[in-house]
Structures are given as C-alpha cells and as structure tokens.
Amino acid sequence: MKNPTYLISMLNEYLFETLGFKGDIDDYYDPKNNFLNEVLDKKSGIPITLSIIYVEVAKRIGLNLTIAGFPSHVVVKYNEEMVLDPFGGGRLLDVEDLNEILYQNFEEEIEFSPEMLDELPDDKALIRILRNLKSLYAQSYAYDKAMRCTNMILAVEPDSPDEIRDKGILEERLLNYEKALVYLNRYLEIAPEAPDVDYILEMIRNVRDKINQ
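The paragraphs below set out a description of the structure included in this document. (Residues numbered from 1 in each chain as written. Predicted model: local features only at pLDDT ≥ 70, side-chain atom pairs only at ≥ 80, totals over all residues. Heavy atoms only, no water.)

1. Points about the side chain of E163
Part 1 of the argument: Looking at the secondary structure, you find E163 in helix α7 (residues 161–173).
Part 2 of the argument: Taking relative accessible area as the criterion, E163 reaches 1% and is therefore assigned buried.
Part 3 of the argument: A distance of 2.9 Å separates a polar atom in the side chain of E163 from a polar atom in the side chain of K134.
Part 4 of the argument: Not counting the four nearest positions on each side in its chain, E163 is found in contact with R131, K134, T150, I153 and L154. (Helix = DSSP H or I, 4+ residues; strand = E, 2+ residues; numbered from the N terminus. Buried < 20%, exposed > 50% of the residue type's maximum accessible area, 1.4 Å probe, protein only. Polar contact = N/O pair within 3.5 Å; in protein donor to acceptor, adjacent residues only side chain to side chain. Contact = heavy atoms within 4.5 Å.)

The following block contains the structure:
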C-alpha cells in the first residue's frame, strides 16, 4: 500500500478541489444535507454525509478509514494516527481542533475524551441521520415526516426511551391522543427518573383533558 498520507492528500485533492465537494455552511440545516443522493448532486453536505462519501471513495484507492461519531460533528479516522474532517475539506485535526468544535457547539459543558472518537457503526450512523431529519421536520411543523423518521429509528432501536417519548409527542401533535397516551406512559415506565418527567406528566394531563372534552 502507498503511503497513507499521500493517499489522503490525493483523496482530498480529488474530492474537494477536482469535484468541488464542500461543507454546506450557507444552508447547514437544509434537510437535503442528510440525503446522500442530494449531497452527491449538489456536492455539499454536513459532516456525517460528507464523511460517508469520503470513506467510501477512500476504499476505492485501498485506504481503510473509519467514521467516528464525534459529538455534533462526525469525523473520519485513519487507524489511531489521524483524525480528518471531510466537512472542512479533509483537514487534519488535533486535540485542540476537536476541543474547539466542542466549544462551538456546547461551550464549556463537554470536554474532549478519546471515547468520542470511537467508530460509528452503520446502524448508529443511520440513526444519527434520522434524528437530524426528525428534529428538522419537527421544527418546521412537518410532523408526519418527523413521525416517519421516529418509526424508522424504533425499527432499529425499539426500546429507545427518547424515541418512545418523541413518538408520543408527535402523536399528540398529529391529534392522535389515544396513541400519544400509550407512548408517553410507556416512556415514564421505562425512564421514571428522566429529567423531563414533569413536562411529560403535564402533557399527559393535557392530552387526557382533550380526550374528555
């Protein structure tokens, strides 16, 4: 195998200079940035979709890279030697850079730890994309689309407390009150110490009031 540093430099040149892929900083929260076909067409995306493309193209030149599920900003690793940022044109990241990313997204709430660079399995990558979409759709009141994302996540992780809660909330938004109660109550059963218990209890009371009207 050729020198990995050389291969990475060639990969970066091909993807980001020749083909023109880039991080979408102008419309980062466009749902299209979570769909690989859209990202391939417009040649811009978010960290997770660009990382998937980066890793898959790297395989074609014999370079084995892995996706790391870094908080708020997926990156790519070559063994334990290099951390690369496809969203930033494939630039090499050091611990200071990673701390800066954390600070931009969480301020001083989170400090870097090596576990943050653990490999992101395919199913977890899919869930991360679906959660991005669920959040974007919910914020734009497209509750039916958000529900589809939640259902897909639950197909992979059927006992996820957060997704069970969100399904209940979305059922309430869609005026499916009986279904909402089922999922909200189930959430309280499996996560009785969750920090949002009071909020969910209030929602349950409101939903019951609507049913009894």
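Next comes the rest of the write-up.
2. What to know about unusual backbone geometry
Part 1 of the argument: Residues other than glycine seldom take positive phi values, yet K43 does so here, at roughly 60 degrees.
Part 2 of the argument: The residue K43 is located in the loop between α2 (36–42) and β2 (44–45) in this model.
Part 3 of the argument: Positive phi values are uncommon outside glycine, yet S72 reaches one of about 70 degrees.
Part 4 of the argument: With relative accessibility at 30%, the residue S72 sits in the partly exposed group.

3. Points about the sheet that holds strand β6 (residues 91–93)
Part 1 of the argument: The strand order β3-β4-β5-β6 describes an open sheet built from four strands, whose pairing is antiparallel. In this open sheet, the two edge strands, each paired with only one partner strand, are β3 (66–68) and β6. Within this sheet the neighbouring strands show an average axis-to-axis angle of 40 degrees, counted without direction.
Part 2 of the argument: Direction of pairing for strand β4 (residues 75–78) relative to strand β5 (residues 82–85): antiparallel, over a ladder of three bridges. Following the sheet pairing, V76 is matched in β5 by L84.
Part 3 of the argument: Helix-sheet contacts for helix α4 (residues 95–106) involve β5 and β6, and the interaxial angle to β6 is about 90 degrees. (Pairing = 2+ DSSP bridges. Axes fitted to C-alpha atoms, helices over the stretch in contact; angles between N-to-C directions.)

4. Quick word on helix α1 (residues 4–18)
Part 1 of the argument: For α1, spanning 15 residues, the distance from its first C-alpha to its last is 20 Å, which sits close to the expected 21 Å at 1.5 Å a residue.
Part 2 of the argument: Just beyond α1, the residue with positive phi is G20, at close to 85 degrees. (Expected span 1.5 Å × (residues − 1).)

5. Some details on the nonpolar core
Part 1 of the argument: Core analysis: the biggest nonpolar cluster contains 38 residues, and I8, L11, I48, Y54, L63 and L65 have the highest contact counts within it.
Part 2 of the argument: Elements that contribute at least two residues to this core include exactly α1, α3 (47–59), β4, β5, α5 (122–139) and α6 (143–156).
Part 3 of the argument: Per-element accounting of this core gives the leading share, seven residues, to α3.
Part 4 of the argument: Counting residues in each nonpolar core, the second largest holds 14 residues, with L154, I164, L181 and M203 among its members. (Core = buried A, V, L, I, M, F, W, Y, C linked by side-chain atoms within 4.5 Å.)

Any functional reading would require information that these geometric values do not contain.
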